[in-house]
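Listed here are the chains, written in short residue letters.
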Amino acid sequence: MRSAVIAGGQARRFNGRPKGLEKIAGKRILDRVVDALAEATGELPTLIANAPDANSWRKDLEVVADAVPHCGSLGGIYTAIVSGDGPVIVVAWDMPFVPATLLRKLAAGSGAHDVFLPASGGPRGVEPLCGVYGPACAEPVRRQLDAEDYRAIGFHEHVNVGCL
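On a predicted model such as this, the values are computed, not experimentally measured, just so you know.

Each value, and the rule that gives it
Residues numbered from 1 in each chain as written. Predicted model: local features only at pLDDT ≥ 70, side-chain atom pairs only at ≥ 80, totals over all residues. Heavy atoms only, no water. Buried < 20%, exposed > 50% of the residue type's maximum accessible area, 1.4 Å probe, protein only. Helix = DSSP H or I, 4+ residues; strand = E, 2+ residues; numbered from the N terminus. Core = buried A, V, L, I, M, F, W, Y, C linked by side-chain atoms within 4.5 Å. Contact = heavy atoms within 4.5 Å. Pairing = 2+ DSSP bridges. Axes fitted to C-alpha atoms, helices over the stretch in contact; angles between N-to-C directions. Salt bridge = Lys/Arg side-chain N within 4 Å of Asp/Glu carboxyl O.

A. Looking closely at helix α4 (residues 138-146). Taken together, the buried positions of α4 are occupied by Ala138, Pro140, Val141, Gln144 and Leu145. After α4 finishes, the residue Glu148 shows a positive phi value of roughly 60°.

Right, dumping it as structure tokens:
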């Protein structure tokens, strides 16, 4: 299964520095996420990023800019979905401790669902920036983007969502 790292955000808490390039215990967050995805899938992920210098962050990654710019996380999810064939595991680049075991479980359990996400104790009940998105999500997400509704779970009523 292919995968993608969504590198975005305004980095307000980091004084404008790209948060995924920050280090935790001597290792950049981006590298931690890439390593987890590569371990889970056996392949390097695509990097979804709009920064002009994104190609220099990891020269071994393909960088793809948002298909629909200025749409936040949902725009990154959409780009990950439409930038290749079949389902895609998506992880935000500010998740330094995402385990490869979780990503493998998401991939394994996603077959019967258009979206397969980990359950969360947060306000949304799921974590939309760590999950598997299938091709059936493309049109509902695009409609939501066109309506300028950038909620990461706003299209869920139009697809089959499963939780781990």
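B. The nonpolar core, seen in detail. One finds Val91, Leu103 and Tyr133 to be the most contacted residues of the largest nonpolar core, which totals 50 residues. Top contributing element to this core by residue count: helix α1 (residues 29-41), with seven residues. Each residue touching Tyr133, except ones within four places of it in the same chain, is listed here: Ile77, Ile81, Pro87, Val88, Val90, Asp114, Val115, Leu117, Pro128 and Phe155.

C. Layout of the sheet that holds strand β1 (residues 2-7). What the seven strands build is an open sheet, ordered β5-β4-β1-β6-β8-β7-β9; its pairing is mixed. With partners counted over all chains shown, the strands left at the sheet margins are β5 (63-64) and β9 (161-163), one partner each. Here strand β4 (residues 46-49) pairs with β5 via two bridges, running parallel. The residue of β5 that forms the bridge with Ile48 is Val64. Sheet strands in contact with helix α2 (residues 72-82) are β1, β4, β5, β6 (88-92) and β8 (130-133), and its direction is about 155° off that of β1.

D. Up close: the pattern of salt bridges. Enumeration according to the criterion identifies eight salt bridges in this entry. Note that Asp31 is salt-bridged to Arg28, the shortest N-O span being 2.8 Å. The class for Asp31 is buried, based on a relative accessible area of 15%. With a closest N to O distance of 3.7 Å, Glu39 and Arg104 form a salt bridge. With a gap of 65 residues between them, Glu39 in helix α1 and Arg104 in helix α3 (residues 100-109) connect regions that are remote in the sequence. By relative accessible area, which is 54% here, Glu39 ends up exposed. Bridged by salt links that share partners, the residues Arg28, Asp31, Arg58 and Asp60 form one connected network.

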